[in-house]
Amino acid sequence: MPELPEVETIVRGLRRRIIGRTISSCRVIETRILRKTGIHNLEKLTGCKVTAVERRGKLILVHLSGGLSLVFHLKMTGQMLLALPQEPRDKHTHFLINFRMMDAELRFRDVRKFGFICCLETSKIFTEEPLKNLGPEPLDLEYGAFSELFVGRKGRLKSLLLNQAFLAGIGNIYADEILFQAGLNPLSPGSSLSEKEIFRLWQAMRTVLHEAIKKKGSSLRDYRDAEGRKGNFQHLHKVYGRESLPCPGCGTHIQRIRIGGRSSFFCPQCQRRISRSSS
Ligand SMILES: [Zn+2]
C-alpha cells in the first residue's frame with residue numbers, strides 16, 4: 001500500500017504537471033471506485049482549473065477552482081498515472097481526467113479496486129469523511145506535540161503507528177522501519193515509553209520518512225509515481241520484508257510476527273521488549 005512517502009512523491013509529480021491546467025473532460029469507467037458523497041459534483045468538473053495538489057495522510061487532494069476538490073485514496077494497489085491518450089490503457093484503469101492544452105491524461109488505475117475517489121466541496125473537506133478523523137501529519141509535529149500523543153495510550157507501538165487517527169500516513173513498511181531505527185519493540189505499549197524513547201521515536205520517524213521521500217518511496221509490487229517510475233527506498237529497508245536475514249545492526253536474524261493481523265519485522269536483539277511498568 002502506498003504510504004506517506006509514496007503519496008508525497010505522487011503529489012509532487014502531479015503538482016509539477018497539472019497545477020493551472022483546466023479540466024476538459026473526465027470519464028468514469030468503473031463506478032465502484034466512486035464514493036457516493038458528492039457524486040453529483042463530478043458533473044461540474046469540466047472547465048474547473050487545478051489550483052493546488054496536496055497530501056493529507058495517504059490521501060491525494062486535488063483542489064479546483066469553483067470550490068470543489070477531488071480526493072483520491074490509493075489503498076492497496078491504486079496508481080495515479082499521467083499517460084498519453086495513445087498509450088495502451090488496461091482494464092484496471094477506472095477513471096480518466098483530460099486537460100485543455102495538455103497531451104497527457106491523468107489515469108486512476110487500481111488492480112484490486114479497494115481505492116476510491118470522491119468529489120467534495122473544498123470548504124467542507126477537512127470536516128467530512130474520509131478526512132475528518134485523520135490524526136496529525138507526522139512531519140508537521142513538533143516534539144512536544146508528538147510526545148503528548150503517547151500519554152495514556154496502552155496500545156502496542158506498531159498498532160498505534162498504523163492507526164490513522166493517531167498519526168496519518170504511516171503504514172506497515174514505515175512503521176517497521178521507524179521502530180527499528182528507534183530501537184523500539186513493536187509490541188511495547190505506547191504509554192510505557194520513557195521521554196528519551198519517545199524522542200528517539202520522533203527522530204527516527206522524521207529520518208526514515210524524509211529519507212524515503214528523498215528516494216521517491218518504496219516500490220515492492222505496484223507502486224509507481226505519476227510518471228510511472230519506481231521508487232528506490234525498498235533497497236534501503238533494514239527490517240521490512242527481511243525475515244531470517246541478518247540485522248544490519250547486529251547480525252541477529254530478523255523475525256516476523258503478526259500484530260493485529262499484519263506482518264511485523266523486527267530485530268529481537270536491537271529492539272528488545274521494555275519490561276518497565278506503564279505507570
Ligand atoms: Zn539487530
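Considering the nonpolar core
Residues Phe146, Phe150, Ile170, Tyr174, Ile178 and Leu201 are the most contacted members of the largest nonpolar core, which totals 39 residues. Looking at this core element by element, the count peaks at nine residues for helix H5 (residues 195–214). Leu201 has contacts with Phe146, Phe150, Leu157, Ile178, Leu179, Ala182, Leu184 and Leu193, leaving out every residue within four places of it along the chain. In this structure, Leu42, Leu64, Phe108 and Cys119 belong to the second largest nonpolar core, which totals 33 residues.

Some words on the layout of surface pockets
Reported here for the largest pocket is a volume of approximately 620 Å³. What lines the largest pocket is a set of 29 residues, among which Met1, Pro2, Lys58, Lys75 and Met76 lie closest to the centre. Partitioning the lining of the largest pocket into residue classes produces 11 nonpolar, eight polar and 10 charged.

Details of the coordination of the zinc ion
At 2.2 to 2.4 Å from the zinc ion lie its protein donor atoms, namely Cys247 (SG), Cys250 (SG), Cys267 (SG) and Cys270 (SG). Classification of the site at the zinc ion as tetrahedral follows from its four donor atoms and the range of 101 to 113° in their angles at the metal. Sequence spacing of the donors to the zinc ion: C-x2-C-x16-C-x2-C.

Rules used throughout
Residues numbered from 1 in each chain as written. Predicted model: local features only at pLDDT ≥ 70, side-chain atom pairs only at ≥ 80, totals over all residues. Heavy atoms only, no water. Core = buried A, V, L, I, M, F, W, Y, C linked by side-chain atoms within 4.5 Å. Buried < 20%, exposed > 50% of the residue type's maximum accessible area, 1.4 Å probe, protein only. Helix = DSSP H or I, 4+ residues; strand = E, 2+ residues; numbered from the N terminus. Contact = heavy atoms within 4.5 Å. 1 Å grid on protein atoms, 1.4 Å probe; cavity = no way out; pocket = protein on both sides within 12 Å on 5 of 7 lines; lining within 4 Å. Points joined across faces, edges and corners; volume = space filled by probe spheres on them. Nonpolar A, V, L, I, M, F, W, Y, C, P; charged D, E, K, R; others polar. Donors = N, O, S within 2.8 Å, 3.2 Å for Na, K, Ca; no water. Tetrahedral: all angles 85-135°; square planar, octahedral: opposite > 155°, others 65-115°.

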